[in-house]
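Per-entry structural report
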Amino acid sequence: QVQLLESGGGLVQAGGSLRLSCAASGRTFGSYAMGWFRQAAGKEREFVASISESGASTDYTDSVKGRFTISRDNAKKMVYLQMSSLKPEDTAIYYCAAARAMWLVRTNSDYWGQGTQVTVSS
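First, a word on what this report is: a plain description of the structure on this page.

Rules used in this analysis
- Residues numbered from 1 in each chain as written.
- Predicted model: local features only at pLDDT ≥ 70, side-chain atom pairs only at ≥ 80, totals over all residues.
- Heavy atoms only, no water.
- Helix = DSSP H or I, 4+ residues; strand = E, 2+ residues; numbered from the N terminus.
- Rg over C-alpha atoms; globule rule 2.2 N^0.38 Å.
- Buried < 20%, exposed > 50% of the residue type's maximum accessible area, 1.4 Å probe, protein only.
- Contact = heavy atoms within 4.5 Å.
- Areas by Shrake-Rupley, 256 points an atom, 1.4 Å probe, with all protein chains shown as cover.
- Core = buried A, V, L, I, M, F, W, Y, C linked by side-chain atoms within 4.5 Å.
- Pairing = 2+ DSSP bridges.
- Disulfide = S-S within 2.5 Å.

**Concerning the overall build of the chain**
In terms of helices and strands, the chain carries one helix and 11 strands. Starting at the N terminus and ending at the C terminus, the chain contains elements arranged as β-β-β-β-β-β-β-β-β-α-β-β. Scaling as 2.2 N^0.38, a compact globule of 122 residues should have a C-alpha radius of gyration of about 14 Å, and the chain matches this with 13 Å. When the backbone C-alpha atoms are referred to their principal axes, the chain occupies close to 40 × 25 × 25 Å. Every one of the 122 residues in the chain was classed for burial, and the buried ones make up 45%. If you take every contact in the chain between residues at least 6 apart in sequence, the share linking residues at least 24 apart comes to 58%. Put simply, the chain shows about 6200 Å² of open surface, and 45% of that area lies on carbon and sulfur atoms.

**Re the nonpolar core**
If you look at soluble globular proteins, the nonpolar side chains tend to sit buried side by side. Ranked by size, the top nonpolar core spans 29 residues in total, and within it Leu-4, Met-34, Trp-36, Leu-81, Met-83 and Tyr-94 carry the most contacts. If you list the elements that add at least two residues to this core, you get strand S3 (18–25), strand S4 (33–39), strand S5 (46–51), strand S7 (68–73), strand S8 (78–83), strand S9 (92–99) and strand S11 (116–121). Once residues lying within four places of it in the same chain are set aside, the contact partners of Met-83 are Gly-16, Ser-17, Leu-18, Leu-20, Arg-67, Phe-68, Tyr-94 and Val-118. With eight residues, the next largest nonpolar core counts Phe-37, Phe-47, Ala-97 and Ala-101 among its residues.

**Observations regarding the pairing of S4**
For S4, a buried count of six out of seven residues is recorded, marking the element as mostly surrounded by other parts of the structure. As paired elements, S4 and S9 share seven bridges and run antiparallel to each other. Across the sheet, residue Ala-33 finds its bridge partner in S9, namely Ala-99. Alignment of S4 against S5, held across five bridges, turns out to be antiparallel. Its bridge partner lying in S5, Phe-37 is registered against Phe-47. Between S4 and the antiparallel strand that follows it, S5, lie six residues; Gly-42 among them carries a positive phi value of about 80°.

**Topic: the state of the cysteines**
A complete count under the given rule lists one disulfide for this structure. Residue Cys-22 pairs covalently with Cys-96 via a disulfide, S to S 2.1 Å. Here the S-S torsion is close to -85°, and the disulfide linking Cys-22 with Cys-96 is therefore left-handed. Of the two residues, Cys-22 sits in strand S3 while Cys-96 sits in strand S9, which places them 74 residues apart along the sequence.

Structure follows, in structure tokens:
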């Protein structure tokens, strides 16, 4: 089992940057693909980015390509989301998720964190 705890959210002006962190517990962290999702007020949760178990492969939703970077440190059991050139439409609660394979992250993640709020002011 994997437990996930996000941090790093906050209030930032448009054009600014934030780095989200996700701390994982559990001995098998390195065997899980990881992802970031977000949910804006009144909207459904959406996929943002994913990274393979080794970190060699990444995937992004089109709206964040070139602005967000997902990374992981398996030794520290951490996943990161570096967000740059933030826009007001990036405002949402951001969630970290773990799945048994990268192709499962978007639709069938097994474990979820409780989320961290990101607010981008215009």
